[in-house]
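Residue strings, one per chain:
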Amino acid sequence: MKMSRRGFLAVAGGTGAALTLTSCGQEANPAQAGELLRSKAKLPEPFQVPLPIPPVKKPIRSDAKADYYQVVQRKASLEILPGLKTEAMGYDGILPGPTFDVRSGRTAIVEQVNELDVSTVVHLHGGHTPAPSDGWPLDLIMPANGQHGGHQMGGHMEGGDMTTGRRTYTYPNAQRAATLWYHDHTMDYTAPQVYRGLFGLHIIRDEEEAKLPLPKGDREIPLIIADRAFDADGSFLYPALKDGPGVEAKYMEGVVADVTLVNGAPWPVHEVDAVRYRFRVLNASNARRYELGFDKGPATFVQIGSDGGLLDKPIEHKTLVVAPAERFDVIVDFSQYQPGDEVTVVNRLDGNANVMRFKIARKAADDTRIPATLSTYAVTPRPAGVVRREWRFRRGDAGGHRGWTINGKAFDPKVMQAQVKLDQYEIWTFVTDVHHPVHVHLAPFQVLTRGGQSKLSEFDHGWKDTVDIRPAEVVEVLVKFTAHKGKYLIHCHNLEHEDMAMMAGFETI
Ligand code: C2O
Ligand code: CU
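Along each chain, the written sequence defines residue order, and numbers are assigned to residues from 1. Written order decides the labels, with chains lettered from A and ligands numbered from 1. Two thresholds apply to this predicted model, a pLDDT of at least 70 for residue-level local features and 80 or more for giving and counting side-chain atom pairs, whereas whole-chain, interface and lining totals are computed over all residues. The basis for every side-chain value is the complete set of non-hydrogen atoms in the structure, without hydrogens or water.

1. Some details on the overall build of the protein
Phase 1: Per the secondary structure count, the protein includes four helices and 36 strands.
Phase 2: Using C-alpha atoms as the atom set, the radius of gyration is obtained and then compared with a globule rule of 2.2 Å times the number of residues to the power 0.38. Taken over the C-alpha trace, the protein has a radius of gyration of 21 Å; the compact-globule value for 509 residues is 23 Å, and the two agree within 12%.
Phase 3: C-alpha atoms of the protein, sized along the principal axes, occupy 60 × 55 × 55 Å.
Phase 4: If you take every contact in the protein between residues at least 6 apart in sequence, the share linking residues at least 24 apart comes to 78%.
Phase 5: For the area figures, the Shrake-Rupley method with a 1.4 Å probe applies, and any residue is considered shielded solely by the protein chains shown. Counting only carbon and sulfur atoms, one obtains 52% of the accessible surface of the protein, whose full area is about 19,300 Å². Segments assigned H or I by DSSP are reported as helices when at least four residues long, segments assigned E as strands when at least two residues long, and all are numbered from the N terminus. The contact definition used throughout considers only heavy atoms, calling two residues in contact when any of these lie within 4.5 Å.

Okay, structure coming up:
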């Protein structure tokens, strides 16, 4: 195995060599893991396509206990690039899938029907979900057409609870208001299947949040950002290996692509009133990070929430660094612009590449505010004498191939790397070689230290379920699992790393 120079330097840097942030939140090391995949299709001019808003999913019935939904996973031919057709795999045949908009404490029972020709698994990211509904990567929904799914799962099939054609997931939603998302989690094939469209939002609302005088209705908008590349005929380009899971060696750092989709549209445009808006930003990209900023003018992002719901107090950011799978709930005040102004959201990590544009249409009344106190959320005091665990995210051997490992091990569904007691705080330490966005299922966590310092990055606040760990960095988090016993996952949310084995099971007991 030939180690790249970059890999060698990162490893040689050692675990203690934490990087420091510069004042503007950027880092000294390359921020972007991954290899650029270029489209062959003729790409449209930016800011021509209106921003789509994914439809809200309606229950098929409700009773005293729960709301019941059905989602059909199917192929669809979508016009993503104007004038071309892209075959996508979509929840209800759309990309992104429909948005679930639910009340805290109200159970959602979701039947997922698989009409695709591959096996799938659904995970509710950020959900406090019982293990049988959490989307263990071998709890496959086999295609209804009776075929095996085209996946070469080899000897990996054991240890999964497989169903054919459909599966019912139970989401208690017994957690505070937050912006969650759902996406595919199929063993070895998550990256290509999310890339082709299997992702959507799941918003939980509660009383505490409803009382706040925040923008709502059509002034509360999801921004689901995902980069994709397109072949000349409009089909998705993805450098999958022909003979099994994973990507071509060149892309093992991650696939980053040259078209930015927001809510499924390339570099869209959206007309706004000159008032405050609430945006729920999700980075649904496989590997790309964004540092979102405005090309001109005074607008900032006032963060009100993180992955796991409201912050205690708002935090104002000039730019927003969003790693794969992270969510930022932000308020943007367009009253600082004049009707006729146009303001473009750009990605500062990619030479100010375009993301989308807002056109300020008119002045309008605005009775919203950003309260100084948002939530009773409080930082948990660091407990003494708790169990500590270390999770080391590194390159390594994944079944005879170059891949990615946790604590030196490639993902093995039969191996639980930890037995974790419910209802006890633990301090987990994440250590990296190169850049990895680390995600934990079942429970949110609080970041305690970054690079050995209790001064965190400005993006670490609140309850998180995904934390971006820079090259050769050490981050400590405080976590407590509750209510649900079973098998859960910790993994890198760079989806190419995840598929190439950077995932570990743990068991709550
Ligand atoms: Cu967003 Cu294990 O996943
Ligand atoms: Cu990674």
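2. Considering the pattern of salt bridges
Phase 1: Take a side-chain nitrogen of Lys or Arg and a carboxyl oxygen of Asp or Glu: if they are within 4 Å of each other, that pair is a salt bridge. Counted under the stated rule, the structure contains 39 salt bridges.
Phase 2: Here D307 makes a salt bridge to R327, at a shortest N to O gap of 3.7 Å. Within this pair, whereas D307 is found in the loop between β21 (301-306) and β22 (309-317), its partner R327 is found in strand β24 (residues 327-333), the two being separated by 20 residues in sequence. You'll find D307 and R327 in the same group, each marked buried.
Phase 3: The partner of R470 in a salt bridge is E473, and the shortest N-O contact between them spans 2.7 Å.
Phase 4: Throughout this description, buried means an accessible area under 20% of the type-specific maximum (1.4 Å probe, protein chains only), exposed means over 50%, and partly exposed covers the range between. Looking at E473, the relative accessible area reads 0%, which means it is buried.
Phase 5: Taken together, the shared-partner salt bridges connect D101, R205, E209, E220, R278, R280 and D329 into one network.

3. Focus on the confidence of the model for the protein
Phase 1: Averaged over all residues, the pLDDT of the protein is 91; the fraction at 70 or higher stands at 91%.
Phase 2: In the predicted structure, residues 1-29 sits below a pLDDT of 50 and forms 38 contacts with residues beyond four places in sequence or in another chain.
Phase 3: Here residues 152-156 is a poorly scored stretch, pLDDT under 50, and it has ten contacts once near neighbours within four places are set aside; other chains count. Values of pLDDT, which run from 0 to 100, indicate the predictor's confidence residue by residue.

4. Looking at the coordination of the copper ion (ligand 2)
Tetrahedral metal sites with four donors have an ideal angle of 109.5 degrees; octahedral sites with six donors have ideal angles of 90 or 180 degrees.
Phase 1: Of the protein atoms, only H436 (ND1), C492 (SG) and H497 (ND1) coordinate the copper ion (ligand 2), at distances of 2.0 to 2.1 Å.
Phase 2: Note that water is not among the atoms considered, so a metal site may appear incomplete; the donors listed are N, O and S atoms within 2.8 Å of the metal, with 3.2 Å applied to Na, K and Ca. Look at where the donors of the copper ion (ligand 2) fall in the sequence and you get H-x55-C-x4-H. Taken together, the positions of H436 in strand β31 (residues 436-440) and H497 in helix α4 (residues 495-499) put the pair 61 residues apart, joining distant regions of the chain.
Phase 3: Overall, H436 belongs to the buried group, its relative accessible area being 0%.
Phase 4: For H497, a relative accessible area of 0% translates into the label buried.

5. What to know about the side chain of D134
Phase 1: In this fold, D134 is placed in the loop between β7 (122-125) and β8 (141-142).
Phase 2: Charge assignment in this entry is limited to Lys and Arg as positive and Asp and Glu as negative, and neither His nor the chain termini are counted. Salt bridges are absent for the buried D134, whose nearest opposite-charge side chain, R167, sits at 10 Å.
Phase 3: Excluding residues within four positions of it along the chain, D134 makes contact with V122, H123, T129, H441 and Y488.

6. With respect to the packing of aromatic side chains
Phase 1: Here is the rule: rings of Phe, Tyr and Trp (six-membered ring for Trp) pair when centre to centre is within 6.5 Å. Planes less than 30 degrees apart are stacked, more than 60 are edge-to-face, and the remainder are tilted. Considering all chains together, one arrives at 24 aromatic pairs under this definition.
Phase 2: With a centroid separation of 6.2 Å and an interplanar angle of 10°, the aromatic rings of Y169 and Y171 are classed as stacked.
Phase 3: On the numbers, 6.2 Å between centres and 85° between planes, the contact of F279 with F334 is edge-to-face. Pair noted here: F279 is in strand β19 (residues 276-283) and F334 is in the loop between β24 and β25 (342-347), with a separation of 55 residues, a long-range link. You'll find F279 and F334 in the same group, each marked buried.

7. Topic: the sheet that holds strand β29 (residues 416-420)
Phase 1: Overall, mixed pairing links the five strands, which are arranged β29-β36-β35-β31-β33 in an open sheet. The outermost strands of the open sheet, each flanked by one partner alone, are β29 and β33 (466-469). With direction set aside, neighbouring strand axes in the sheet form an average angle of 25°.
Phase 2: Here, strands pair whenever DSSP counts at least two bridges between them. Looking at chain direction, β31 and strand β35 (residues 486-492) are connected through three bridges and run antiparallel. Think of each axis as a best-fit line through the C-alpha atoms, taken over the contacting stretch in the case of a helix, with angles from 0 to 180 degrees between the N-to-C directions.

8. Concerning the sheet that holds strand β30 (residues 425-432)
Phase 1: An order of β28-β27-β30-β34-β32 is seen for the five strands of this open sheet, with the pairing classed as mixed. Edge positions in the sheet fall to β28 (401-406) and β32 (445-450), since each of these pairs with one other strand and no more. When the angles between neighbouring strand axes are averaged without regard to direction, this sheet yields 20°.

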